[in-house]
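Examination of the molecular architecture
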Amino acid sequence: MTTPADPATALAVDADVHSASTLDKSFYLDPALYAATAERVFARSWQWIGDLGDVAAPGSLSPRQMLPGLLDEPLLLARDEVGRLRCLSNVCTHRGNLLVHAPCRAAQIRCGYHSRRFDLDGRMSFMPGFEGARDFPSPRDDLPQVALAEFGPLAFASLAPAAPFADFLGDLPTRLAWLKLDELVHDPSRDRDLEFDAHWALYVENYLEGLHIPFVHPGLAQTIEQASYRVETFRRAALQVATARDVEAAFELPPTSPEHGQRIAAYYYLGLPEPDVQRLPVGPVAQRRRPSRHIAYAGAVRAYVGDASRLGQGAAGALDEVEMEDEAVVQTVQRGIRSRLYSRGRAPRHERAVHHFHRLVGEFMGAPATA
Ligand code: FES
Ligand SMILES: [Fe+2]
């Protein structure tokens, strides 16, 4: 039998992967710890808030919801008349009305409740009925601005960034500099809404190791070499590189790539804990997943395709099948860790990225540092 661990010890993980244990099971089961991840992890890391297609023109506005079901933060992408893009709060600074409900072109942002107006840079410019109000207007009447990062056609935002966006990408921008991010095209036919009964972290952990591939993904295992599968970790990111068995299933890599001349089937990137961008020979498919308010997972996959001629080949051959196999196993784990006879396991060597993830979760959640 086990007793519930206190949060500090549940999230403390030894720095040495060879002696470290995983996070305590209470992290995956305790609703209070789950709720704490919203503010401590997700509000402080970078979240995908869609792409920039509908805010390309000067004078355009597009409302976004950051992490629906978890953070539910109403945001507004605003491109001003000279083309500068900002991410603002979409909540009126008067009495909290939501400002913009659909993408539109506008010279100002006007609140529909009492007609407070803001310039496209967020500055309050007009408010009826405030004659005689003291200290008005002041900076707190302007719309708060949120940290924004662009990555190809994708937009990311952070409410209180623990580190710059670049830290969450590792070496992705230089490592995959040969990819033409601006040519990525959203393919709605490949979008998926996901819902299953498992903690988001179990899903991330499963994504971070290839040890399970021969056992869980027999189809995928036919296309990639297990022996040469490798894992690299960065301060706040992890990369897994899979080699193709067959040259047909591999990228054509330019001489500038560190993997030039190798048969690379897939690059699996994950910013820890966010964002994740999965790169496959379809070159690339970018995917985002998000956790919901409850421990059960509700996520979204949005696919951006670079080379449609490679769809259906190699490691990208059966994305839906691989997804279902992964979902099935993490749900089984979620049921398993409820056992009174299980508390935490080990994750050495092949699970180096899992261990790194556990350490970063502990850091975000304020667990005591261990040597
Ligand atoms: S809530 Fe926006 S003007 Fe009153
Ligand atoms: Fe998997």
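To keep things clear, this report deals only with the structure shown in the data block. Residue indices begin from 1 for each chain and proceed along its sequence in written order. Here every chain gets a letter starting at A, and every ligand a number starting at 1, in the order they are written. Totals for whole chains, interfaces and linings use every residue, but because this is a predicted model, local features are given only for residues with pLDDT of at least 70 and side-chain atom pairs only at 80 or more, for both listing and counting. The basis for every side-chain value is the complete set of heavy atoms in the structure, and neither hydrogens nor water enter the calculation.

Points about the coordination of the iron ion (ligand 2)
Each donor-metal-donor angle would ideally measure 109.5 degrees in four-coordinate tetrahedral geometry, or 90 or 180 degrees in six-coordinate octahedral geometry. The test is simple: Sites may look incomplete, because water is not among the atoms used; the donor set itself consists of N, O and S atoms within 2.8 Å of the metal (3.2 Å for Na, K and Ca). A four-donor site is called tetrahedral if each angle lies between 85 and 135 degrees; a four-donor site is square planar, and a six-donor site octahedral, when trans pairs exceed 155 degrees and the remaining angles lie between 65 and 115; all other cases are labelled irregular. Each residue gets one of three labels from its accessible area relative to the maximum for its type: buried under 20%, exposed over 50%, partly exposed in between, using a 1.4 Å probe on protein chains only.
For the iron ion (ligand 2), the protein coordination sphere consists of His 212 (NE2), His 217 (NE2), Asp 326 (OD) and Asp 326 (OD), at 2.0 to 2.8 Å. Seen from the iron ion (ligand 2), its 4 donor atoms lie at angles of 52 to 154 degrees, and the figure they make is irregular. The sequence pattern formed by the donor residues of the iron ion (ligand 2) is H-x4-H-x108-D. Given the relative accessible area of 11%, His 212 is considered buried.

Side note on the sheet that holds strand β5 (residues 104-105)
The cut-off we apply is this: By this definition, two strands are paired if DSSP reports at least two bridges between them. Working definition: helices are DSSP H or I runs of at least four residues, strands are E runs of at least two. Numbering for both runs from the N terminus.
Taking strand neighbours across the sheet as the criterion, the 7 strands line up as β1-β10-β9-β4-β3-β2-β5 in an open arrangement whose pairing is antiparallel. Of all strands in the sheet, those bounded by a partner on one side alone are β1 (47-51) and β5. Of the strand pairs in this sheet, strand β3 (residues 73-79) and strand β4 (residues 85-89) are connected by 5 bridges, and their pairing is antiparallel. Its bridge partner being in β4, Leu 77 is matched across the sheet by Cys 87.

Considerations on the nonpolar core
Heads up, the rule is: Only buried residues count toward a nonpolar core, which is a set of Ala, Val, Leu, Ile, Met, Phe, Trp, Tyr and Cys residues joined through side-chain atoms within 4.5 Å.
Core analysis: the biggest nonpolar cluster contains 90 residues, and Phe 27, Ile 49, Phe 156, Trp 200, Leu 208, Tyr 267 and Phe 357 have the highest contact counts within it. If you look at the next biggest cluster of nonpolar residues, it comprises 14 residues, including Cys 111, Leu 120, Met 127 and Leu 143.

Section: the pairing of strand β14 (residues 237-244)
The buried fraction of β14 is high, at 8 of 8 residues. Here β14 shows two buried faces, one formed by Ala 237, Leu 239, Val 241 and Thr 243 and the other by Ala 238, Gln 240, Ala 242 and Ala 244. Judged from the 7 bridges that link them, strand β13 (residues 224-234) and β14 form a sheet pairing that is antiparallel. Residue Glu 225 lies in a different strand from β14, and its bridge partner there is Thr 243. Turn length for the β13-β14 hairpin, with the two strands adjacent in sequence and antiparallel, is 2 residues. Relative to strand β15 (residues 264-271), β14 is paired through 7 bridges, and the arrangement is antiparallel. Note that in β15 the partner of Val 241 across the bridge is Tyr 267.

Notes on the pattern of salt bridges
Cut-off, in case you're wondering: Here, a salt bridge means any side-chain nitrogen of Lys or Arg that lies within 4 Å of a carboxyl oxygen of Asp or Glu.
Within the structure shown, the criterion is met by 12 salt bridges. A salt bridge links Arg 123 to Asp 121; the shortest N-O distance between them is 3.2 Å. Taking relative accessible area as the criterion, Asp 121 reaches 24% and is therefore assigned partly exposed. The closest approach of N and O atoms between Arg 230 and Glu 259, which form a salt bridge, is 3.3 Å. Within this pair, whereas Arg 230 is found in strand β13, its partner Glu 259 is found in the loop between β14 and β15, the two being separated by 29 residues in sequence. Given a relative accessible area of 26%, Arg 230 falls into the partly exposed group. Among the residues examined, Glu 259 registers a relative accessible area of 2% and is labelled buried. Sharing partners across several salt bridges, the network here consists of Asp 171, Arg 175, Arg 230, Glu 232 and Glu 259.

Remarks on the sheet that holds strand β7 (residues 117-118)
Judged by pairing direction, the sheet is antiparallel, and its 3 strands sit side by side in the order β6-β7-β8 without closing on themselves. Looking at the sheet topology across the chains shown, the edges are occupied by β6 (109-110) and β8 (124-126). Strand direction decides the pairing type here: β7 and β8, joined by 2 bridges, are antiparallel. Paired with Arg 117 across the bridge in β8 is Phe 126.

Here's the deal with the packing of aromatic side chains
Note the cut-off: In this analysis, rings of Phe, Tyr and Trp, with Trp reduced to its six-membered ring, are considered paired at centre separations within 6.5 Å, and the interplanar angle assigns stacked below 30 degrees, edge-to-face beyond 60, and tilted for intermediate values. To sit over a ring, a charge needs its Lys NZ or Arg CZ within 6 Å of the ring centre and within 35 degrees of the ring normal.
Evaluation of the coordinates by the stated rule reveals 12 aromatic pairs. Measuring from ring centre to ring centre gives 5.3 Å for Trp 178 and Phe 251, while their planes differ by 75 degrees; the resulting arrangement is edge-to-face. You can see Trp 178 sitting in the loop between α4 (172-175) and β11 (185-186) and its partner Phe 251 sitting in the loop between β14 and β15, a full 73 residues away along the chain. Lying over the aromatic face of Phe 130, Arg 116 brings its terminal NZ or CZ to 5.2 Å of the ring centre.

Quick word on the packing of helix α5 (residues 200-207) against helix α8 (residues 319-336)
If you want to describe how two helices pack, look at the angle between their axes and the distance between the axes. In plain terms, the rule: Comment: axis = line fitted to C-alpha atoms, over the contacting stretch for helices; angle = value between 0 and 180 degrees taken between N-to-C directions. Each angle receives one of four descriptions, namely roughly parallel if under 35 degrees, roughly antiparallel if over 145, roughly perpendicular if within 65 to 115, and oblique otherwise. Note: crossing handedness is left-handed where the near helix turns anticlockwise from the far helix by less than a right angle, and right-handed where it turns clockwise. We call two residues contacting when some pair of their heavy atoms lies within 4.5 Å. Residue classes follow a fixed rule: Ala, Val, Leu, Ile, Met, Phe, Trp, Tyr, Cys and Pro count as nonpolar, while Asp, Glu, Lys and Arg count as charged, and any other residue, Gly among them, counts as polar.
The N-to-C vectors of α5 and α8 enclose an angle of 125 degrees; their axes lie 10 Å apart at closest approach. If you check the angle between α5 and α8, you find them oblique. Every pair of crossing elements has a handedness; the one defined by α5 and α8 is right-handed. For the pair α5 and α8, contact is made by Leu 202, Tyr 203 and Asn 206 and by Glu 323, Asp 326, Glu 327, Val 329, Val 330, Val 333 and Gln 334, respectively. Of the residues belonging to the contact of α5 with α8, the class tally is 5 nonpolar, 2 polar and 3 charged.

Re helix α9 (residues 352-365)
Under the convention used in this document: Multiply 1.5 Å by the residue count of a helix minus one, and that product is the helix's expected span.
Over its 14 residues, α9 extends 20 Å from the first C-alpha to the last, a length consistent with the 20 Å expected when each residue adds 1.5 Å. For α9, the tally of buried residues reaches 11 of 14 residues, placing the bulk of the element in the interior. Here α9 has its buried residues at Ala 353, Val 354, His 355, His 356, Phe 357, His 358, Leu 360, Val 361, Gly 362, Phe 364 and Met 365. Looking at the packing, one finds that the buried side of α9 touches α2 (26-29), α3 (31-42), α5, β13 and β14. Downstream of α9 by a residue or two, Gly 366 has a phi angle that is positive, lying close to 85 degrees.

Considering unusual backbone geometry
At the junction of Phe 136 and Pro 137, the peptide bond is cis and its omega measures out at -5 degrees in the coordinates. Positionally, Pro 137 belongs in the loop between β8 and β9 (145-151). The backbone of Asp 72 shows a phi angle near 50 degrees, a positive value even though the residue is not glycine. Examined against the element boundaries, Asp 72 turns out to sit in the loop between β2 (60-66) and β3.

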